[in-house]
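For reference, the chains in residue letters:
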Amino acid sequence: MSQPDTSRLTLDHLIEGFRRMAPLSLFVIVFGLAFGVAALQQGLSGLETLLMSGLVFAGAAQFATLELWSETIPLVPLVAITLAINARHLLMGAAFYPYLRDLPAGRRYASLILLSDANWAMAMGGGSRAARLGLLVGGGLALWTTWMIGTGLGVAFGSGIGDPERLGLDAIMGCFLLAMLVGDKRDLWVLLPWGAAALAALAAMAWLPPHVHVIIGALAGGLVGLLLPSRRQEETP
């Protein structure tokens, strides 16, 4: 009897990925709403705000660019700050490459259009290649959908939760990522690259220009992880 193909992405995998990410995605509505309100206050039209959320889909970078938005837009600083904030996607994409390398180039890059921290972390958690791709793409669709719903609510009503930190909602995504990435690991050596990344990022936040800590922390953690001796033990049946 032939075994089912667990490497081919199907509609069921996408639906499962969407379903698993949906509960977390509901919190994204709050941030989308806050962005919609902030964008209108900064002078963007409702259509421009929706187009930015739909085409860019990068919450932190979108908020940061609003600080630079004016009648004369400083293009080079805007591009630089967006690159700095989203530089982590380079490392995330490289980490996920083993599950994409056998796909045709078009499908490979299309799978990364909706890449974000949450669906990447969930997809890296385990499962077959198709299941991981389902979490990446289906989960990304869930996050994008709720981000657009939130932005639309902010545009439509012009008010809402402008300070999610006051309710502690800003901590939800960080706690989720921490649980997904280290919650199932028992090797204390994993704390070394994480600790190095945290210390380097905190130092960069204190002494370097804004948002550079994203790159500094990622590079420091990656370098420490690269220098650590391999502690992976192969299990024998």
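Now for a quick tour of the structure. What you see is a predicted model, and the numbers here were worked out from it, not measured in a lab. (Residues numbered from 1 in each chain as written. Predicted model: local features only at pLDDT ≥ 70, side-chain atom pairs only at ≥ 80, totals over all residues. Heavy atoms only, no water.)

Notes on the side chain of Thr-49
Applied cut-off: Numbering of helices and strands runs from the N terminus; a helix is a DSSP stretch of H or I covering at least four residues, while a strand is a stretch of E covering at least two. We call two residues contacting when some pair of their heavy atoms lies within 4.5 Å.
For Thr-49, the location among the structural elements is in helix H3 (residues 46-56). Once residues lying within four places of it in the same chain are set aside, the contact partners of Thr-49 are Phe-35, Gly-36, Ala-39, Leu-40, Leu-44, Thr-151 and Val-155.

Here's the deal with the pattern of salt bridges
We count it as follows: A side-chain nitrogen of Lys or Arg and a carboxyl oxygen of Asp or Glu constitute a salt bridge if their distance falls within 4 Å. Only protein chains enter the calculation, and the probe is 1.4 Å; a residue is then buried if its accessible area is under 20% of its type maximum, exposed if over 50%, and partly exposed in between.
Evaluated as defined, the whole model comprises 3 salt bridges. The residue Arg-19 makes a salt bridge to Glu-16 at a minimum N-O spacing of 2.6 Å. Placement of both Arg-19 and Glu-16 in helix H1 (residues 11-25) is noted, with a separation of 3 residues, approximately one turn of the helix. A relative accessible area of 35% means that Glu-16 is categorised as partly exposed. For Asp-117, the salt bridge goes to Arg-88, with nearest N and O atoms at 2.8 Å. Linking Asp-117 in helix H8 (residues 117-123) with Arg-88 in helix H6 (residues 88-96), this pair joins segments that are 29 residues apart in sequence. Taking relative accessible area as the criterion, Asp-117 reaches 21% and is therefore assigned partly exposed. On the basis of relative accessible area, Arg-88 is assigned to the partly exposed category, the value being 22%.

Let's talk about the packing of helix H4 (residues 59-66) against helix H5 (residues 75-86)
This is how it is decided: Interaxial angles span 0 to 180 degrees and are taken between N-to-C directions of axes, which are lines fitted to C-alpha atoms, for helices over the stretch in contact. For classification purposes, an angle smaller than 35 degrees is called roughly parallel, one larger than 145 roughly antiparallel, one from 65 to 115 roughly perpendicular, and anything else oblique. Crossings are assigned a handedness: left-handed for a near helix turned anticlockwise from the far helix by less than a right angle, right-handed for a clockwise turn. Amino acids outside the nonpolar list (Ala, Val, Leu, Ile, Met, Phe, Trp, Tyr, Cys, Pro) and the charged list (Asp, Glu, Lys, Arg) are all regarded as polar, and Gly is one of them.
For the pair H4 and H5, interaxial distance at closest approach is 9 Å and the crossing angle is 155°. When the axis of H4 is compared with that of H5, the two are roughly antiparallel. The element H4 and its partner H5 pack so that their crossing is right-handed. Where H4 abuts H5, its residues Ala-60, Ala-61, Ala-64 and Thr-65 lie against Leu-78, Ile-81, Thr-82, Ile-85 and Asn-86. Of the residues in the contact of H4 with H5, the class split is 6 nonpolar, 3 polar and no charged.

A short note on the nonpolar core
To keep things clear, this is the line we draw: What is meant by a nonpolar core is a set of buried Ala, Val, Leu, Ile, Met, Phe, Trp, Tyr and Cys residues, joined one to another through side-chain atoms within 4.5 Å.
Grouped together as the largest cluster of nonpolar side chains are 26 residues, with contacts concentrated most on Met-21, Phe-35, Phe-96, Trp-120 and Leu-143. At the level of elements, H1, helix H2 (28-41), H6, H8 and helix H9 (129-157) are the ones that each hand at least two residues to this core. For this core, the leading source of residues is H9, giving 6 residues. Membership of the second largest hydrophobic core comes to 5 residues, among which are Ala-58, Ala-61, Ala-64 and Ile-85.

Focus on the packing of aromatic side chains
What counts here: Ring pairs shown here join Phe, Tyr and Trp side chains whose ring centres sit within 6.5 Å, with only the six-membered ring taken for Trp; geometry is labelled stacked below 30 degrees between planes, edge-to-face above 60, and tilted in between. Each ring is checked for a lysine NZ or an arginine CZ that lies within 6 Å of its centre and within 35 degrees of its normal; such an atom marks a charge sitting over the ring.
In the structure shown here, the tally under the stated rule is 3 aromatic pairs. Judged by centre distance (5.2 Å) and plane angle (55°), the ring pair of Phe-96 and Tyr-99 falls under tilted. Taking relative accessible area as the criterion, Phe-96 reaches 1% and is therefore assigned buried. Within the aromatic cluster, the residues linked to one another by ring pairs are Phe-35, Phe-63 and Trp-147. In this arrangement the basic side chain of Arg-108 is found over the ring face of Tyr-109, its NZ or CZ atom lying 5.9 Å from the centre.

Looking at a nonpolar patch on the surface
Our working rule: Residues enter patches when they are more than 30% accessible in relative terms and free of salt bridges; like-charged ones are connected within 9 Å and nonpolar ones (Val, Leu, Ile, Met, Phe, Trp, Tyr) within 5 Å. We get accessible surface area from the Shrake-Rupley algorithm with a probe of 1.4 Å; when it comes to residues, only the shown protein chains can shield them.
On the surface, Leu-47, Leu-51, Leu-55 and Val-56 cluster together into a nonpolar patch covering about 430 Å² of accessible area. Residue placement: Leu-51 occurs in helix H3.

Quick notes on H4
In an α-helix, one full turn covers 3.6 residues, which means residues spaced three or four apart are oriented alike. Of all the residues in H4, the buried ones are Ala-61, Gln-62, Ala-64, Thr-65 and Leu-66. Looking at the buried side of H4, the elements it contacts are H2, H3, H5 and H9.

With respect to unusual backbone geometry
Glycine aside, negative phi is the norm for most residues, and most peptide bonds take the trans geometry. With phi around 50°, Phe-57 is a residue other than glycine that occupies positive phi space. Here Phe-57 is to be found in the loop between H3 and H4. Classification of Phe-57 as buried rests on a relative accessible area of 15%.

Regarding the environment of Leu-55
Checked against the element boundaries, Leu-55 lands in helix H3. Accessibility expressed as a relative area gives 71% for Leu-55, which makes it exposed. Along the backbone, Leu-55 and Trp-144 are 89 residues apart, and their C-alpha atoms lie at a distance of 9.9 Å.

Structural notes on the environment of Leu-199
Mapped onto the elements of the fold, Leu-199 is located in helix H11 (residues 191-207). Once the C-alpha coordinates of Leu-199 and Ala-220 are considered, the two residues, 21 residues apart in sequence, prove to be 8.9 Å apart.

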